[in-house]
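# Examination of the molecular architecture
These are the residues of each chain, in order.
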Amino acid sequence: MAAVAPVAALTSEGAIGPATADYISRGLVHAEREGAQLVILRIDTPGGLDTSMRTIIKAILGSPVPVVTYVAPSGARAASAGTYILYASHIAAMAPGTNLGAATPVRIGDTSEPKEPDDRPGAPTSSSRDNKPDKPSTQAMTRKQVNDAAAYIRGLAQLRGRNMDWAEQAVREAVSLSAQDALRLHVVDYVAADLRDLLQQAHGRKLALPGRTVTLDTAQAPVFDYRPDWRVSLLAAITDPSLALILMTIGIYGLIFEFMNPGIGVPGVLGAICLLVALYGLQLLPVNYAGLGLILLGIGFMVAEAFLPSFGVLGIGGVAAFIFGAVILIDTDLPGFGIPTALIAFIALLSAALIAALAGVALKTRRRAVASGAGLLIGAQAEVVDVASGGGWVRIEGELWRVACTEPLRRGQKVRVLARDGLLLRVTPQDDFQGRLP
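Attention here is on the structure that accompanies the text. The shown structure was predicted, so the numbers you read here are calculated from the model rather than taken from an experiment.

## Examining the sheet that holds strand β8 (residues 190-191)
Ordered by their spatial adjacency, six strands build an open sheet running β8-β5-β3-β2-β1-β11, and the pairing between neighbours is parallel. Two strands close off the open sheet at either side, each with one partner strand: β8 and β11 (223-225). With three bridges connecting them, strand β1 (residues 7-13) and β11 associate as parallel partners. Across the sheet, residue A8 finds its bridge partner in β11, namely F224.

## Some details on the sheet that holds strand β4 (residues 77-79)
With mixed pairing, three strands are arranged side by side in an open sheet as β4-β6-β7. Unpaired on one side and paired on the other, β4 and β7 (176-178) mark the two borders of the sheet. Each strand axis lies, on average, 15° off the axis of its neighbour in the sheet, ignoring direction. Across the sheet, helix α3 (residues 81-88) is in contact with β4 and β6 (99-101); its angle to β4 comes to roughly 100°.

## Observations regarding the pairing of strand β2 (residues 38-44)
In terms of residue burial, β2 counts as a mostly covered element, since six of its seven residues are buried. As paired strands, β1 and β2 are joined by seven bridges and run parallel to one another. Among the inter-strand pairings, S12 is bridged to a residue of β2, identified as I43. Running through helix α1 (residues 18-33), the crossover from β1 to the neighbouring parallel element β2 is right-handed. As defined by bridge partners, β2 adjoins strand β3 (residues 67-71) across five bridges and the pair is classed as parallel. Counterpart to I43 in the pairing with β3 is V71.

## As for the pairing of strand β9 (residues 206-209)
Side chains L207 and L209 project from β9 onto a buried face, and the interleaved K206 and A208 project onto a face without burial. The pairing of β9 with strand β10 (residues 212-215) spans four bridges and is antiparallel. Residue pairing across strands places L207 opposite V214, the latter belonging to β10. Where β9 folds back on β10, the antiparallel hairpin that results is connected by two residues, among which G211 adopts a positive phi of roughly 85°.

So, how was this worked out
Residues numbered from 1 in each chain as written. Predicted model: local features only at pLDDT ≥ 70, side-chain atom pairs only at ≥ 80, totals over all residues. Heavy atoms only, no water. Pairing = 2+ DSSP bridges. Helix = DSSP H or I, 4+ residues; strand = E, 2+ residues; numbered from the N terminus. Axes fitted to C-alpha atoms, helices over the stretch in contact; angles between N-to-C directions. Contact = heavy atoms within 4.5 Å. Buried < 20%, exposed > 50% of the residue type's maximum accessible area, 1.4 Å probe, protein only. Right-handed = clockwise from strand over helix to strand, strands pointing away.

Everything listed here is a matter of geometry and, on its own, says nothing about what the molecule does.
See the structure below:
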């Protein structure tokens, strides 16, 4: 008797992003390589990025192994992007106490809600409100996004033979369904209490795949879990907007400190690595480049405050630019992809404190007495090492200087410097020094 082919189980929890797309895509390839007859994708998600969702759906549609999307455990949800993934799967299932839906695309860059008509006397009518110059373009963009999403999910529903009308309603009206209602409306195929219950219900089902038809033999099939590896964890970490902001800040400051003190090496190396990792993570996210530019400008202003006498103008402007840039850095309102306000405030205050400390050190250094250089030559004692007409050569601070003197000099004589004229020093004998400084 031939051994029953195994079933591969993948698990995705939280917002759908680049790391989730990479994990599921590689999981489907791994399942094919291991000879799995079925892949079960357990999801619990509030939604995610459109690009990552479409990457997952393409992987499912092109997979030679049939995929079951299973919303589990009880209390889980497949909202927004999760609904599209469920519709794209060969089999859709939910655990009791779960829900799906609310698949309206999030509007980028505009979180304003549509306002109810105002019936007060003198209030603008709906026609006058619609004629405002800034409304039509915003409404047209929203309609384009919604129409595109509705057509996309209807295509998936038609492909899998599921309820197309409710799918479009989930996009246009953001409606949701419980597990039992989804089963009744033919949105999902099964409601299963657990994984083994799902395999029992799916046993014997025939599925049409490209070029062939398969019959599932899952009643007693072994299940192996394909867990996220270190690569997925690393990708999830560096595509976290908060960590990307921290790494970018560390990278920029590291490079600045290296340029201020060339040769140390550690700030430059660490800064370059952090900055490149941050930029890699940001290019996978929906970044608002105006926000990125404001962050860079703000850090530049704060650093300039330590070197230019702007009396705090550059520093305050830099902190403000950094805060505004960080707030609008991630160009989406999807859950799981925002930067906490507390983190933005902490980094801004830390940067301001660091720049204030550097400015304080620079001010103390400026007030400190001169310890070396040409400024110490005036009044310094020197020894004559050679004489010539009208002067000679002296040794001072280990250096030889050409000097001029109104009195004859002799070798070994002690003299004092009265003034400096370029590379020539005017000196006087030690005994005549008192009271002759200009």
